[in-house]
Amino acid sequence: MSWVKNTFSSSVGRKFAMALSALFLMLFLLQHFTINFTSVISADVFNEISHFMGTNAVVQFVLQPVLIFAVVYHFVMGFALEIKNRNSREIKYAMNKGQANSTWFSRNMIISGAVILAFLALHFYDFWIPEINTKYIQGDMSGLLANGDLRYYEEMVEKFHDPVRVGLYVLSFVLLSMHLMHGFQSAFQSMGARHPKYTPGIKKLGNIYAILIPAGFIFIALYHHLTSH
């Protein structure tokens, strides 16, 4: 236990834990996108998968708490490390030509992270809190509408009627893409993947992920907004 305490109380250890939480969240994002994309293909398939995820005990009482912890830990520790790094930096970017030595994404992770956190709060308000209210406060685990159909597809499409909400959704995923442009490679580097042989491949994979996954979420939102009227 002392090894664990010493590891995660050090700067390197905290960065390693940050990287682990980032990789977990990126895997979740990929899974979340895959499920949401089925809504474009088949409302019935999306409903069935959503109902399974929303009523499965392992998902609800094991994976969901782990996910919430990972989100909270990643953002709290990310902000703390960023503030500490900025305060302890002896040579400011202006004196060290930071613009020439680093990307805008890497210099402004805290800004994109704050906007993404605000979006997550809206996402929780729109989807997660109503789900908790329906299933665990009202006690309705059926997932059914009054007409007997599963409700998940209709509820999601309803959220994308509002152009303001869709605009915020799109903006958030553009910023998430920028966040991932630096964060994907940084996570692997924090876990020790720094060998020149692998760095170009990790960077390329990170750029592909950072573009395709947020673009996919944006496509889903615009698709439902434009076809549900």
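For every chain, the first residue of its written sequence is number 1, and the numbers climb from 1 along that sequence. Thresholds applied to this predicted model are a pLDDT of at least 70 for local features of residues and 80 or more for the giving and counting of side-chain atom pairs; totals over whole chains, interfaces and linings are not thresholded and use all residues. With hydrogens and water set aside, each side-chain value is computed from the structure's full complement of heavy atoms.

*Asks:* Describe the overall build of the protein chain, with residues and values.
*Replies:* Per the secondary structure count, the protein chain includes 11 helices and zero strands. Going along the chain from the N terminus, every DSSP run of H or I of four or more residues is numbered as a helix, and every run of E of two or more is numbered as a strand. Mapped in sequence order, the helices and strands of the protein chain form the string α-α-α-α-α-α-α-α-α-α-α. The contact criterion used is simple: two residues touch if any of their non-hydrogen atoms lie within 4.5 Å. Restricting to contacts in the protein chain with at least 6 residues of sequence separation, those with at least 24 account for 75%. With residues, only the protein chains shown are counted as cover, and all accessible areas are computed by Shrake-Rupley using a 1.4 Å probe. Here the protein chain has roughly 13600 Å² of accessible surface; of this, 69% comes from carbon and sulfur atoms.

*Asks:* Describe the packing of helix α8 (residues 109–137) against helix α9 (residues 152–159), with residues and values.
*Replies:* Angles run from 0 to 180 degrees between N-to-C directions of axes, and those axes are lines fitted to C-alpha atoms, restricted for helices to the stretch in contact. Packing of α8 against α9 brings their axes to within 11 Å, and their N-to-C directions diverge by 145 degrees. Judged by the twist between their axes, the crossing of α8 over α9 is right-handed. Along the contact surface, α8 presents D126, F127 and E131, while α9 presents Y152, E155, M156 and K159. Note on convention: near helix rotated counterclockwise from far helix by under a right angle means a left-handed crossing. Clockwise means right-handed.

*Asks:* Describe the nonpolar core, with residues and values.
*Replies:* Residues enter a nonpolar core if they are buried and are Ala, Val, Leu, Ile, Met, Phe, Trp, Tyr or Cys, with the set joined through side-chain atoms within 4.5 Å. Burial here depends on accessible area, computed with a 1.4 Å probe over protein chains only, as a share of the maximum for the residue type. Under 20% is buried, over 50% is exposed, and the range in between is partly exposed. Grouped together as the largest cluster of nonpolar side chains are 35 residues, with contacts concentrated most on M26, L29, Y169, F173, L180, Y209 and F217. Of all the secondary structure elements, the ones that give two or more residues to this core are α2 (11–41), α4 (57–88), α8, α9, α10 (163–190) and α11 (199–227). The leading source of residues in this core is α2, at nine residues. With sequence-adjacent residues up to four places away left out, F217 is seen in contact with L29, H32, F33, N36, Y169 and F173.

*Asks:* Which residues make up the packing of aromatic side chains, and what values do they have?
*Replies:* The criterion for an aromatic pair is that two Phe, Tyr or Trp rings (for Trp, the six-membered ring) have centres within 6.5 Å, with stacked assigned to planes under 30 degrees apart, edge-to-face to planes over 60 apart and tilted to the rest. Within the structure shown, the criterion is met by 16 aromatic pairs. Through a chain of ring-to-ring contacts, three or more aromatic side chains come together here, namely F33, F37, F119, F160, Y169, F173, F217, F219 and Y223.

*Asks:* Now, about the pattern of salt bridges: what can you tell me, with residues and values included?
*Replies:* Note on definitions: salt bridges are taken to be side-chain nitrogens of Lys or Arg within 4 Å of carboxyl oxygens of Asp or Glu. Summed over all chains, the structure comprises six salt bridges. When the shortest N-O distance is used, the salt bridge between R165 and D126 registers 2.6 Å. Separated by 39 residues along the polypeptide, R165 in helix α10 and D126 in helix α8 bring together distant segments of the chain. A relative accessible area of 23% means that R165 is categorised as partly exposed. Owing to a relative accessible area of 6%, D126 belongs among the buried residues under this scheme. Its salt-bridge partner being R151, residue E131 comes within 2.5 Å of it at the nearest N-O pair. On the criterion of sequence distance, the pair formed by E131 in helix α8 and R151 in the loop between α8 and α9 is long-range, its members being 20 residues apart. Residue R151 is classed as buried on the basis of its relative accessible area, which comes to 4%.

*Asks:* How would you explain the side chain of Q185 if you had to name every residue and give the values?
*Replies:* Looking at the secondary structure, you find Q185 in helix α10. A relative accessible area of 17% means that Q185 is categorised as buried. With sequence-adjacent residues up to four places away left out, Q185 is seen in contact with T199, I202 and K203.

*Asks:* Could you give an account of the confidence of the model for the protein chain, naming the residues involved and the relevant values?
*Replies:* As a per-residue measure, pLDDT tells how confident the predictor is, with possible values from 0 to 100. Looking at the protein chain as a whole, its pLDDT mean stands at 85, while 86% of the residues score no less than 70. When the elements of the protein chain are averaged for pLDDT, helix α5 (residues 93–96) gives the smallest value, 49, and helix α3 (residues 43–55) the largest, 96.

*Asks:* I'd like a description of the environment of I110, backed by residues and values.
*Replies:* As for its placement among the helices and strands, I110 is situated in helix α8. Apart from the residues within four sequence positions on either side, I110 is in contact with F79, E82, I83 and R86.

*Asks:* Please set out α9 residue by residue, giving values where relevant.
*Replies:* Buried residues of α9: Y152, M156 and V157, and no others. Seen end-on, α9 carries its buried residues on one side only, within an arc spanning 125 degrees. Arc definition: it is the arc formed by the directions from the helix axis to the C-beta atoms.

*Asks:* Lay out the environment of I35 with the relevant residues and their values.
*Replies:* Considering the arrangement of structural elements, one finds I35 in helix α2. Given the relative accessible area of 14%, I35 is considered buried. Measuring from C-alpha to C-alpha, the distance between I35 and V45 comes to 9.0 Å, with 10 residues separating the pair along the chain. For I35, the residues in contact, after removing those within four places along its chain, are F46, I49, S50 and M53.

*Asks:* So what about α10? Which residues, and what values?
*Replies:* Each residue after the first adds 1.5 Å to the expected span of a helix. Between the first and last C-alpha of α10 there are 39 Å, a value that for 28 residues agrees with the 40 Å anticipated at 1.5 Å per step. Two axes define the bend at a residue: one fitted to the seven residues ending there, one fitted to the seven starting there, and the bend is the angle between them. Of all the bends in α10, the greatest measures close to 35 degrees and is centred on L180. Between N or O atoms, a polar contact is any pair within 3.5 Å; within protein, one atom must be a potential hydrogen donor and the other a potential acceptor, and residues adjacent in sequence are included only when both atoms are from side chains. Two or three places before V164, at the start of α10, stands the capping residue D162, its side-chain oxygen 3.0 Å from that residue's backbone nitrogen. Positive backbone phi, approximately 105 degrees, marks G192, located one or two places after α10.

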